[in-house]
Amino acid sequence: MSTVRAGVEEVVLAEPRGFCAGVDRAIEIVERALRKFGAPIYVRHEIVHNTYVVNDLKAKGAIFIEELADVPPGATLVFSAHGVSQAVRREAAQRGFSVFDATCPLVTKVHVEVAKLHKEGYDFIMIGHKGHPEVEGTMGQLNEGIYLVEDVADVARVQVAQSERLAVVTQTTLSVDDAAEILAAVKRRFPAVREPKQQDICYATQNRQDAVKVLAPKVDVLVVVGSPTSSNSNRLRELAERLGTHAYMVDSPEDLKPEWFDGKRRVGLTAGASAPDILVQHVIERLRALGALSVRRMPGVEETTHFPLPKGLGDKAMGSAG
């Protein structure tokens, strides 16, 4: 009996989707370090939250670790795109590693803001998800005076040491709408709180969420390509569900279940900022096998952001080794 079921006719691709400039840069840093210095290159935490990307880099000679004690002396170490605490930076320097920092520049911007305002006597409320490496990195910029809130209920409970000089920062990969709701609660409780000049949520997170807001009401079901650990991918699925569209997140084409598409003519497809386009193409092939006849791109924002590589890995530095 055939597994092809009546249903899918058209796949509509969100625009933009997939890799952002920070993810592109982080992967490029590891690949260039491998070419320049040879394997192994050690990476603290998953370079980005995507299983396919991590496995691809492992095959090329990257070794992913959580504890710096697992890195041999004199090794080359890359910090992941999510950023690290000051304690990790100090330990890496003490151990004498050759370090390349793949922290997304938009995360670094938050770290710089925290350091600057801390010198001016500010304490901080951070809106984010407990345990996420980006949150640990940002909160780890200070020894004290930074408080995490995950939802509106946390805002009511948080106990700050002082509220005269209080600033708010945000994890860059949150739901734009959730963050706005939590920020509003912070402002109600602490009316004098200082907000960032520009919101911390990154352009790519915002653009992908905006695209889903346009796409979700126009399709019968939405598929998000992304790994379970990817914060921004999870937010895309939640957003579609909130808009009333059934949505599923898949780490690979094998995760697709034919029954999801029973009686669903139009399938929306997007990808989190850490999901490579090759996975999107494989998912499209699988949807074609399930009956999809056409694929079209939704009009959307064209992203042109590009972040330079660290010194020592740029084009000139690579010379003939590139």
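See the structure shown above.
Residues numbered from 1 in each chain as written. Predicted model: local features only at pLDDT ≥ 70, side-chain atom pairs only at ≥ 80, totals over all residues. Heavy atoms only, no water.

## Remarks on a negative patch on the surface
This is how it is decided: Residues with no salt bridge and a relative accessible area higher than 30% make up the patches, which join like charges within 9 Å and nonpolar side chains (Val, Leu, Ile, Met, Phe, Trp, Tyr) within 5 Å. Note on areas: these come from Shrake-Rupley sampling with a 1.4 Å probe, and a residue is covered only by the protein chains present in the view. When a carboxyl oxygen of Asp or Glu lies within 4 Å of a side-chain nitrogen of Lys or Arg, that pair is called a salt bridge. When charges are counted, Lys and Arg contribute as positive and Asp and Glu as negative, whereas His and the chain ends are disregarded. In plain terms, the charge of a residue is placed at NZ if it is Lys, CZ if Arg, CG if Asp and CD if Glu. Working definition: helices are DSSP H or I runs of at least four residues, strands are E runs of at least two. Numbering for both runs from the N terminus.
Taken together, the side chains of Glu66, Glu67, Asp70 and Glu136 define an acidic patch exposed on the protein surface. Residue position: Glu136 is located in helix α5 (residues 133–139).

## A few points about the packing of helix α1 (residues 21–37) against helix α2 (residues 51–60)
Convention followed: Comment: axis = line fitted to C-alpha atoms, over the contacting stretch for helices; angle = value between 0 and 180 degrees taken between N-to-C directions. Under this scheme an angle from 65 to 115 degrees is roughly perpendicular, one under 35 degrees roughly parallel, and one over 145 degrees roughly antiparallel; angles in between are oblique. A contact between two residues is defined here by any heavy atoms of the two lying within 4.5 Å. Residues are grouped as follows: Ala, Val, Leu, Ile, Met, Phe, Trp, Tyr, Cys and Pro are nonpolar; Asp, Glu, Lys and Arg are charged; every other residue, Gly included, is polar.
It is the contact of α1 with α2, at a shortest axis distance of 11 Å, that shows an interaxial angle of 10°. By the angle between their axes, α1 is roughly parallel relative to α2. Along the contact surface, α1 presents Ile27, Val30, Glu31 and Leu34, while α2 presents Val53, Asp56, Leu57 and Lys60. Looking at the contact of α1 with α2, its residues break down into five nonpolar, no polar and three charged.

## Re unusual backbone geometry
The residue after Glu15, namely Pro16, is reached through a cis peptide bond having omega 0°. Locating Pro16 in the fold gives a position in the loop between β1 (10–13) and α1. Backbone torsion omega between Ala39 and Pro40 reads -5°, so that peptide bond is classified as cis. In this structure, Pro40 sits in the loop between α1 and β2 (41–44). Positive phi values are uncommon outside glycine, yet His45 reaches one of about 70°. For His45, the position within the fold is in the loop between β2 and α2.

## Side note on the sheet that holds strand β11 (residues 266–271)
In plain terms, the rule: Two strands qualify as a pair provided that DSSP identifies no fewer than 2 bridges between them.
One open sheet holds the five strands; their spatial order is β10-β9-β11-β1-β12, and the pairing between them is parallel. Of all strands in the sheet, those bounded by a partner on one side alone are β10 (246–250) and β12 (294–297). Adjacent strand axes in the sheet meet at a mean angle of 25°, parallel and antiparallel pairs treated alike. On top of the sheet, helix α8 (residues 203–215) reaches β1, β9 (221–225) and β11; it is set at about 175° to β11, its chief contact. Sitting on the sheet, helix α10 (residues 277–289) touches β1, β9, β10, β11 and β12, and the angle it makes with β11 is about 165°.

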